[in-house]
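# Breakdown of the fold
Chain by chain, the residues run as shown.
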Amino acid sequence: MADILTLGIESSCDETSASVIKNGRIILSNVISTQIDLHKVYGGVVPELASRKHVEFIIQVIDEALAKAGVKKEEIDQIGVTFGPGLVGALLVGLSAAKAMAFALNKPLIGVHHIEGHISANFLENPELEPPFVCLVASGGHSHIVDCYDYGKFRILGRTRDDAAGEAFDKISREIGLGYPGGPAIDREAKKGNPEAIKFPRVHMGDSLDFSFSGVKTAVLNYLNKERMQGHEIPVADVCASFQKAVTDILTENTFKAAEMCGYRKVALAGGVASNSALRNAFETTAAKKGFEFYRPSPILCTDNAAMIGCAAHYASLKGRFSQLSLNAQPNISLEEI
Ligand code: KG4
Ligand code: ZN
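Okay, so let's go over this structure.

About the cut-offs
Residues numbered from 1 in each chain as written. Chains lettered and ligands numbered in written order. Predicted model: local features only at pLDDT ≥ 70, side-chain atom pairs only at ≥ 80, totals over all residues. Heavy atoms only, no water. Helix = DSSP H or I, 4+ residues; strand = E, 2+ residues; numbered from the N terminus. Buried < 20%, exposed > 50% of the residue type's maximum accessible area, 1.4 Å probe, protein only. Contact = heavy atoms within 4.5 Å. Phe/Tyr/Trp six-rings, centres within 6.5 Å; stacked < 30°, edge-to-face > 60°. Polar contact = N/O pair within 3.5 Å; in protein donor to acceptor, adjacent residues only side chain to side chain. Expected span 1.5 Å × (residues − 1). Bend = angle between axes of the 7 residues up to and from the residue. Donors = N, O, S within 2.8 Å, 3.2 Å for Na, K, Ca; no water.

## A word on the environment of Thr248
- Secondary-structure assignment places Thr248 in helix α8 (residues 236-262).
- With relative accessibility at 4%, the residue Thr248 sits in the buried group.
- Residues within four places of Thr248 in sequence aside, it is in contact with Asn276, Ala278 and Leu279.

## Some points on the packing of aromatic side chains
- Under the counting rule described, the total for this entry stands at ten aromatic pairs.
- Judged by centre distance (5.2 Å) and plane angle (70°), the rings of Phe169 and Phe243 are edge-to-face. Of this pair, Phe169 sits in helix α5 (residues 165-176) while Phe243 sits in helix α8, and the two are 74 residues apart along the sequence. As far as burial versus exposure is concerned, Phe169 and Phe243 are alike and both buried.

## Structural notes on the side chain of Asn276
- If you trace the backbone, Asn276 turns up in the loop between β9 (266-270) and α9 (277-290).
- According to the relative accessible area criterion, Asn276 is buried, its value standing at 4%.
- Among the polar contacts made by the side chain of Asn276, one reaches the main-chain amide nitrogen of Ala278 at a distance of 3.0 Å.
- Excluding anything up to four places from it in sequence, Asn276 contacts Phe169, Asp187, Gln244 and Thr248.

## A closer look at helix α2 (residues 47-69)
- Between its terminal C-alpha atoms α2 stretches 31 Å, which fits the 33 Å expected from 23 residues at 1.5 Å a residue.
- Approximately 45° is the largest bend angle found in α2, and it occurs at Phe57.
- For α2, the elements touching its buried residues are β1 (5-10), β2 (15-22), β3 (26-34), α1 (36-40) and α3 (88-105).
- A positive backbone phi angle near 70° is found at Gly70, which sits one or two residues after α2.

## As for the coordination of the zinc ion (ligand 2)
- The zinc ion (ligand 2) binds to the protein through His114 (NE2), His118 (NE2) and Asp304 (OD); the donor distances cover 2.0 to 2.1 Å.
- Going along the chain, you hit the donors of the zinc ion (ligand 2) in the pattern H-x3-H-x185-D. Placement of His114 in helix α4 (residues 114-125) and of Asp304 in the loop between α10 (299-302) and α11 (307-318) is noted, with a sequence separation of 190 residues between them.
- Given a relative accessible area of 13%, Asp304 falls into the buried group.

Spelled out as structure tokens, the structure:
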């Protein structure tokens, strides 16, 4: 059978990315232009600035992805693009570029859900991985436990009731003065600290697999205020390690509970927070103890990238899921709606 080449495009937040994927799982190129330095000054992503930077970079990122893959644009078989969820102005840039190319080259267009992309990142480096499995998707905007029962088929088993896990990392980091993005900064500091030093709460939502991170966030903020008011120096590394442990404990416990409820033996991680070293260790240890196969993408494929979008688009196309050129950005679309 002839190779299928998919061009993936991602611009939902602060990364402009394009990638060429062969037969769904082979990365020929994955170009990521990050805007982190631009947004760092403001302590978070400024949507209007993000859109403008996407406009500035999208064409050159796509050209570079094609050049690195050694593929001419006419040789692409189909174009996959993130159409939601995300920042509407940011999404529209990648989507407009993808639609223009699909129209000009007369190639099929495939709208990809951003979370579907994150989950699919696991297929890129694990050729043997097939559904069904349970995946924890934890990023700056989402925290979901997902039953991935077939390619492109998802059921949400648990979700955050308030902040996303990455959002909690970002807020605590800003409060401690470690800057944006908070996840990698806290991860780094935590390595020098004691995760048992301060007891922050683990919030269980009854029998549900949902999470809440606002409780642990408030507990950390209260702790910081109290220590500051008493003139104590903040033990930054211990706070980071203890906060990180509280978050990873609850994410790990609920995800493995979900996998057991589904009767699966495979568990995966996805999203920016999936690059957290403590979370990866906790999953690895629990999987080994309970006899699960554990899958996670390399850190560069955990944060936003277009390779994961190309992979998801490939499997969507095999199921006959193509989009019209009238496809619009859907900033709040749920994973179960695709
Ligand atoms: O998936 P992603 O790149 O963008 C969204 O779709 O949101 O995730 C970004 C989030 C940020 O909140 C960032 O702080 C967090 O992922 N993150 C981490 C780590 N690296 C990135 N959180 C914890 N530990 C990390 N090592
Ligand atoms: Zn993301």
